[in-house]
Amino acid sequence: MLALLLDGTPAGVGVLDRNLRYAYVNPALARMNGVPAAEHIGRTIADVLPGLDAGMDQLRALLADGRPREILTSGQTRAESPYGRRYWSGVYHRIEVNGVVLGVAGVVVEVSEAHRAHAELEQTSRQLAMFDDAAQRIGTTLDMETTCAELADFAVPLLGDLAAVDVFPPDHEAPVHTTPHGVLRLMRAALAATPRLRSVADAVDQPGDMIDFQEGSAIHRCLASGSVVVENFATDEVLERAAPNASRLAFYRAAGAHSGMVVPLSARGHAIGTMTILRAGGSPGFDAQDAVAARELTGRAAVALDSAVHYTHQHAIALELQQALLTEPQVPQLDLEIASRYRPAGSSVLVGGDWFDAIPLSGGRTLQVMGDVMGHGVEAAVAMSHYRSMLRALADTDLAPHDILTRLDPMVSAAGFERAATCLLAILDPAAGEWVFANAGHLPPALVEAGRVRLLDVPAGPPLGTNIGGYSATTVPAPAGPVLLMYTDGLVERRGEDIDASLARLTGLDLPRDTGLEELLDTVLDALAPGAEDDIALLASRQRPDPGTKERP
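Now for a quick tour of the structure. Nothing here was measured: the structure is a model prediction, and the numbers come from that model. (Residues numbered from 1 in each chain as written. Predicted model: local features only at pLDDT ≥ 70, side-chain atom pairs only at ≥ 80, totals over all residues. Heavy atoms only, no water.)

## Digging into the sheet that holds strand β2 (residues 22–25)
One open sheet accounts for 6 strands, arranged β2-β1-β6-β5-β4-β3; its pairing is antiparallel. Looking at strand neighbours, the two that pair on one side only are β2 and β3 (52–53), the edges of this open sheet. Examined bridge by bridge, strand β5 (residues 86–97) and strand β6 (residues 100–110) share 10 bridges and lie antiparallel to one another. Bridge assignment links E96 to a residue of β6, and that residue is V101. (Pairing = 2+ DSSP bridges. Helix = DSSP H or I, 4+ residues; strand = E, 2+ residues; numbered from the N terminus.)

Here it is, written out as structure tokens:
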């Protein structure tokens, strides 16, 4: 009955003597091992199954202390198996009679399938955690370069030793030179590498560089098929074919790269670019699971990247539009230095109603303008363009600044935009040595002298478009040297803050002395622009030490 039990059980049963040599093997264990039972007898496990990690140290400990043990063994036997590595769970106890130790008996069952399922579950759990982490770290801004850098930094060292993100150039950028037939041109958007490869990576194309990829390269094939391309660089011929161009062979060899993977970046049905990942040195080669994980990662990141690319493109167009509407003022007179800045607020509003101007008048005088149309967006920008044109037409009539505002107010009201605007005018008369100001609801101008900022007392009338009128002129001495600073409210105003506290930040600045106007405006922006919730426009002017009355030809 014992023989029937042992011969019939599907579990492997074996007995090892005191030297851990086989003394008995049942048919099930013989089938597991792929070796006839008789060929086991008198031989050690290593003799019969050299590819098996049998836990011999634990078996020796069991012989010594007699405590039963559960031992997990793994490896390969001589029996055919679909598993790359097999696993067995065994329960072992010591055999002894009348206190004499005879050996060890074990009952073994194969758990390869359960182990595979558990490993897959753990891998899935790790990947889900990775994707969740990626969602937090990739796409934190709408800046394309930042998003690409976040993707590359995330991929190293998680997926490889070096990662490069290459994207199609923005449509609004003209090509640097004509691409030869069959060559694909992409822009390097980000590059990340492990510390060991950092010095090697510094020798190749960096973010912002344009790269021409030879026909048939791995990136070519990836974009053509829309699928992941995995290359093992077994020979220089394979490596040269996969590389962007033949000159990269030396780089790959210097990096010790032995395998590469190119993953497409696509979202909403169109290709954005690719991410190339290299493994080098002792890192394992890429397998199918790596390709699946990389495709899932880039698929999620591509949505954020597509939004960033779209925003970057639209932002560039919007800025070009704003600059077209808001042309840089030219120096209208030889005796006047002038500089300006425009900075849009945040990422949601790309165009707005801020404007500035400098208009030459008769007698060597100059009209300087700073205006702000209420609201944001395209409608505000269009209204700004109309108001600016109206003001330029009135400037040609050679009116005083308060008379210009008095005539402009009903014109703005009748324009039909239903958007009021603030406006500050300043006419510099070098011959008289004075500024004449008029203010329609705008913040007061500032004077920068010896690095300190003080506000000029220029009373404000109603904003333009209210059709109330009542503007007055204010005359202030205009010596050579001090800088007149005109600005929009975005420079100083903050939500929930009293305007006096906002203006105090401006007057509290300690600015560099004897500096150019461009540097002065940059310093002001660096100090006050962070945290701004509105567009910022700045106009700085300074009378030259020896003013003249001759107009610029």
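## Topic: the packing of aromatic side chains
Under the definition given, this model contains 4 aromatic pairs. Seen in terms of ring centroids, Y387 and F417 are 6.1 Å apart; in terms of plane orientation they differ by 80°. Their pairing is edge-to-face. With Y387 in helix α12 (residues 377–395) and F417 in the loop between α13 (401–414) and β16 (421–429), this pair connects stretches of sequence that are 30 residues apart. What makes F417 partly exposed here is its relative accessible area of 25%. Centre to centre, the rings of W435 and F437 are 6.2 Å apart; their planes meet at 45°, and the pair counts as tilted. As far as the burial class goes, W435 and F437 line up, both buried. Each member of the aromatic cluster is reached from another via a ring pair, and the members are F233, F251 and Y252. (Phe/Tyr/Trp six-rings, centres within 6.5 Å; stacked < 30°, edge-to-face > 60°. Buried < 20%, exposed > 50% of the residue type's maximum accessible area, 1.4 Å probe, protein only.)

## Here's the deal with a nonpolar patch on the surface
There is a patch of nonpolar side chains on the surface, built from V97, V100 and L102 and spanning about 240 Å² of accessible area. Examined against the element boundaries, V97 turns out to sit in strand β5. (Patch = residues over 30% accessible without salt bridge, like charges linked within 9 Å, V, L, I, M, F, W, Y side chains within 5 Å. Areas by Shrake-Rupley, 256 points an atom, 1.4 Å probe, with all protein chains shown as cover. Salt bridge = Lys/Arg side-chain N within 4 Å of Asp/Glu carboxyl O.)

## Considerations on the nonpolar core
Core analysis: the biggest nonpolar cluster contains 35 residues, and C148, L151, V165, V167 and L297 have the highest contact counts within it. At the level of secondary structure, the elements contributing two or more residues to this core comprise α5 (112–137), α6 (144–158), β7 (162–167), β8 (184–193), β11 (257–267), β12 (270–280) and α11 (288–325). For this core, the element with the highest residue contribution is α11, accounting for 8 residues. Look past the residues within four positions of L297 in its chain and what remains in contact with it is F131, A134, I138, L151, F154 and L159. In terms of nonpolar packing, the next biggest core, distinct from the first, is built from 28 residues, A218, F233, A242 and F251 among them. (Core = buried A, V, L, I, M, F, W, Y, C linked by side-chain atoms within 4.5 Å. Contact = heavy atoms within 4.5 Å.)

## Overview of the pairing of strand β1 (residues 12–17)
For β1 and β6, the ladder comprises 6 bridges, and the chain directions are antiparallel. Pairing of V13 across the sheet is with V107, part of β6. Here 3 bridges tie β1 to β2, and the two strands are oriented antiparallel to one another. If you follow L16 over to β2, its bridge partner there is Y22. Two successive antiparallel strands, β1 and β2, enclose a turn made up of 4 residues, where L20 displays a positive phi of approximately 60°.

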